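A look at the structure
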Amino acid sequence: MSVTTTQQEWADQVAARLFAKGMRNGGARRAVIDLLAEQNCCLTAQEIFDNLRASGRRIGIASVYRILDLLTSEGAVQRIELGSGSSRYEPVWPGGDHHHHLVCDGCGKVEAFEDPGLETALGRLERQSGYVVAGHDVVLHGSCGDCKPAGRTP
């Protein structure tokens, strides 16, 4: 997958922000940041570890978890709970750009989706409720096309 300018800018900004706080820009940390920048959807720590190892990076799973904890605490990465028992991680994009998730309860596949109408409805709900919503994530559970029961159409 090719990295867009926005993705590269996010990775560079995160690395610079950590460096400005006196944190070394180590190879393992930068590898996790760069991998996350390339993704279209959230990954588990194990998937991040597996991808880095497959690309020849020598990194331990404990290091991946430490880096993800740091990036989450710094607000650069969002930890997402999709109900599968393991957390998933994805970048917090500048400007609030985000997507939501479809989760197959059969095979565990996770797909991203965007819906401007849903965002409009959520904004209307915020105004009506009087709450100031700091963030949201919509997770829809069901069956993907491969797992849906025979004869059922969406």
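Heads up: these notes are all about the structure in this document. (Residues numbered from 1 in each chain as written. Predicted model: local features only at pLDDT ≥ 70, side-chain atom pairs only at ≥ 80, totals over all residues. Heavy atoms only, no water.)

1. Description of the pairing of strand β3 (residues 87-91)
Regular strands place their side chains on alternate faces of the sheet. Applicable threshold: Only protein chains enter the calculation, and the probe is 1.4 Å; a residue is then buried if its accessible area is under 20% of its type maximum, exposed if over 50%, and partly exposed in between. A run of DSSP states H or I qualifies as a helix once it reaches four residues; a run of E qualifies as a strand once it reaches two. Both are numbered from the N-terminal end. Paired strands, in this sense, are two strands between which DSSP finds at least two bridges.
Buried residues dominate β3, accounting for five of its five residues. As paired strands, strand β1 (residues 43-44) and β3 are joined by two bridges and run antiparallel to one another. When the bridges of β3 are listed, T44 appears paired with R88. As paired elements, strand β2 (residues 77-81) and β3 share five bridges and run antiparallel to each other. Bridge assignment links E81 to a residue of β3, and that residue is S87.

2. Observations concerning helix α3 (residues 45-54)
Our working rule: In this context, the arc is that of the directions from the helix axis out to the C-beta atoms. Residues are treated as being in contact if the distance between any of their heavy atoms lies within 4.5 Å.
Those residues of α3 lying buried are A45, I48, F49 and L52. Down the axis of α3, the buried side of the element spans an arc of 100°, and every buried residue falls inside it. At its buried positions, α3 is contacted by α2 (27-37), β1, α4 (61-73) and β3. Immediately beyond the C-terminal end of α3, within one or two residues, lies G56, with a positive phi of roughly 90°.

3. Points about the sheet that holds strand β6 (residues 139-142)
The test is simple: For helices, the fitted axis covers only the stretch in contact; all axes are lines through C-alpha atoms, and the angles between them, taken along N-to-C directions, range from 0 to 180 degrees.
Strand order in the open sheet made by the three strands is β5-β4-β6, with mixed pairing throughout. Unpaired on one side and paired on the other, β5 (110-113) and β6 mark the two borders of the sheet. Sheet twist, expressed as the average angle between the axes of neighbouring strands with direction ignored, equals 25°. Inspection of the sheet shows strand β4 (residues 100-104) paired to β6 by four bridges, in the parallel sense. Along β6, the bridge assignment pairs L102 with L140.

4. Regarding the nonpolar core
Quick note on the threshold: Take the buried Ala, Val, Leu, Ile, Met, Phe, Trp, Tyr and Cys residues and link them wherever side-chain atoms come within 4.5 Å; each set so joined is a nonpolar core.
Core analysis: the largest hydrophobic core is formed by 25 residues, its most contacted members being W10, V32, L36, I48, L68 and L71. At the level of elements, α1 (5-20), α2, α3 and α4 are the ones that each hand at least two residues to this core. In terms of residue count, the dominant contributor to this core is α2 (six residues). Discounting residues that sit within four places of it in the chain, L36 has contacts with W10, I48, L68, L71, V77, Y89 and P91. Within the second largest apolar cluster, six residues are counted, among which are C42, I80, V103 and V110.

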